[in-house]
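One-letter residues, chain by chain:
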Amino acid sequence: MAQNIENNLFARLSELIQKKIGLFFPKERWHDLERGVRAAALELGFEDTTSCIQGLLGSPVTKVQLDTLVAHLTVGETFFLRDESHFNALQHQILPGLFEKCLKKGQAPRFWSAACCTGEEPYTIAMIIDRMKPFWTQKDYSILATDINSRFLEKARKGIYTNWSLRNAPNWMVEKYFTVHGNNRFEVEKGLQKSIRFTNLNLVDPVYPSAVTHTEQVNVVFCRNVLMYFNQTLRETVIERLSWALADDGWLFVGPSEAAFVNHPNLGHTRYPGAIIFQKQAAKNKVQGADLDNSSWAAPLPASQEKPRSSLPTWRPMPRPETSPVTKAVRPAETRDRSMELCSTDQMLEKALELVESGKYNEATECLLDLISRADTRAGMTPDSRAMALLARTYANMGKLEEARKWGGKAVEADKLNPGHRYLLATVYEELGDAVKAADLLQASLFLDSRFVLAHFTLGNTVKKQGKSNDARRHFKNALSLLLDLDTDAVIPHSGGMTAGRLTEIVRSMILGD
Ligand SMILES: C[S@@+](CC[C@H](N)C(=O)[O-])C[C@H]1O[C@@H](n2cnc3c(N)ncnc32)[C@H](O)[C@@H]1O
């Protein structure tokens, strides 16, 4: 009987953990779960494991409880140059072409280590890039390093390691990139520390790809040795989101034992000595798959049986005031026609949005251009600014920033009082590297809506990059004070599904990291 109750508690706890953290604890692994919860119970002040589990199941889990569970349940095994063949592929197969392409486009290559643990992986990436300097002198690439475990991230930011983390590090790495501090303490070179942005991101949360989390249009994603802890459905969801986060032709690395999990139609795999790596094929599909004949390419692995419905965080059209509910009173014919037109415009917008959300950007742009041109042809009718803004957003997702700027500008022109359109255009300018223009648009957006949380936050980031730390702090504090008025589960407008609780954490870390 007591055993039954205990089994029931563990079954419910593992379900809760899977939902919140993603980690999958089937019955065979309940001893690991028990060990972790026992340690968390002590820290959280519960008398024993059972009362801790009951406490966690009995009321909504607090952030402190969740962080403590994460700290005791996640596996922190990692080291510098882990799976060396991956870094050989990065250095020889990927970086030369990527640098050249980005240089031509005037873009800074973007790298993301998506379960970075204590930092050894993103620092290794930074070292490999630094070694390429003879070929690539432009310094301004960006490396984002995220993990769910805040304690791991704290250690990563300090950049101090022991011999154990350097067990696979070759001499060139130790000599060039570490300073030895006393016995068995190795500090990563300061310049490299500055090149990486460490931040908390839970791969379960639908917060990527998004400009807010800096996870859009990434050229190279490392998501290694974490999918193995998730169940099949979550793995597929994470892989799908990562495929959206990748720029066209972008590369995905997963752990050597995880390659079989990647069955996504947009991700082709290529073999490199000792490594299987994946590349987004969107651009190749556009040219009728011509390059797919290339012998180093193989078709995607067999498609998975069940594909989870995607819930891509993305922009939604703002509700428009003029579409007030249709009244039953008889209206003049002209008004009726207009209302039907509005209805079909809304339906088309909904359809376009669905296409964007399922990553069908080409179809979405066709649908939106059709919608816009229809309105254009009627005398006196201006096209719907929401369609233009969604078109801008779609082009931005496709990496076509000039088109995104054009349509974002038209949306602003068509609805000058819409703060959301200005915000969207600001994010495009930000991507284009024009921080001054982005800051102007964000200011204007805040002028129209001073409670626009995301505009405060983004403006904070923009001015921070310009070296204006005090201004940045002020904007982050404004964002924080607005966020504290919201329910932690409230979804932030224009964020593509991010909750107030999550953004609060990010803003706090920006203020603390100042
Ligand atoms: C074994 S380490 C892998 C580190 C590194 N990627 C490597 O391959 O050496 C797994 C990491 O995944 C992180 N992790 C587990 N669940 C996660 C989640 N839901 N979101 C983000 N990171 C997660 C853990 O905190 C841990 O740092």
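From a predicted model like this one, the values you see are computed outputs, not experimental measurements.

A.B. asks: A description of the pattern of salt bridges should follow, citing residues and the corresponding values.
C.D. replies: Using the criterion set out here, one finds 24 salt bridges in the structure. Lys 176 is paired through a salt bridge with Asp 130; the nearest N and O atoms lie 3.5 Å apart. Taken as a pair, Lys 176 in helix α8 (residues 171-177) and Asp 130 in helix α6 (residues 120-131) lie far apart in primary sequence, 46 residues in all. You can call Lys 176 exposed: its relative accessible area is 52%. For Asp 130, a relative accessible area of 13% translates into the label buried. The partner of Lys 406 in a salt bridge is Glu 403, with the nearest N and O atoms 4.0 Å apart. Taken together, the residues Lys 406 and Glu 403, both in helix α15 (residues 401-414) and 3 residues apart, mark about one turn of the helix. The class for Lys 406 is partly exposed, based on a relative accessible area of 40%.

A.B. asks: Could you give an account of the sheet that holds strand β5 (residues 186-188), with specific residues and numbers?
C.D. replies: The antiparallel open sheet is built from 3 strands, whose spatial order is β3-β5-β4. Of all the strands in the sheet, just β3 (160-161) and β4 (178-180) have a single pairing partner and so form its edges. Sheet topology places β3 next to β5; 2 bridges connect them, and they run antiparallel. Bridging from a neighbouring strand, Tyr 161 pairs with Phe 186 of β5.

A.B. asks: Pulling in residues and values, what's your account of the packing of α15 against helix α16 (residues 419-432)?
C.D. replies: Where α15 meets α16, the closest approach of the two axes is 9 Å, and the angle between their N-to-C directions is 155°. By the angle between their axes, α15 is roughly antiparallel relative to α16. Crossing geometry of α15 relative to α16 is assigned as left-handed. When α15 is examined against α16, the residues Leu 401, Glu 402, Ala 404, Arg 405, Gly 408, Gly 409, Ala 411 and Val 412 are found in contact with a partner set consisting of His 421, Arg 422, Leu 425, Val 428, Tyr 429, Glu 431 and Leu 432.

A.B. asks: Summarise the packing of aromatic side chains; cite the residues concerned and give the values.
C.D. replies: Aromatic ring pairs: the centre-centre distance and the angle between the two ring planes describe each pair. Scanning all chains against the criterion turns up 12 aromatic pairs. Plain terms: the ring middles of Tyr 123 and Tyr 161 are 6.2 Å apart, the flat faces sit at 80° to each other, and that makes the pair edge-to-face. Placement of the pair is Tyr 123 in helix α6 and Tyr 161 in strand β3, with a sequence separation of 38 residues. For the pair shown, Tyr 123 and Tyr 161 are each scored as buried. Pairwise contacts between aromatic rings join Phe 80, Tyr 123, Tyr 161, Phe 178 and Phe 198 into one cluster.

About the criteria used
Residues numbered from 1 in each chain as written. Predicted model: local features only at pLDDT ≥ 70, side-chain atom pairs only at ≥ 80, totals over all residues. Heavy atoms only, no water. Salt bridge = Lys/Arg side-chain N within 4 Å of Asp/Glu carboxyl O. Helix = DSSP H or I, 4+ residues; strand = E, 2+ residues; numbered from the N terminus. Buried < 20%, exposed > 50% of the residue type's maximum accessible area, 1.4 Å probe, protein only. Pairing = 2+ DSSP bridges. Axes fitted to C-alpha atoms, helices over the stretch in contact; angles between N-to-C directions. Parallel < 35°, antiparallel > 145°, perpendicular 65-115°, else oblique. Left-handed = near helix turned anticlockwise from the far one by under 90°. Contact = heavy atoms within 4.5 Å. Phe/Tyr/Trp six-rings, centres within 6.5 Å; stacked < 30°, edge-to-face > 60°.

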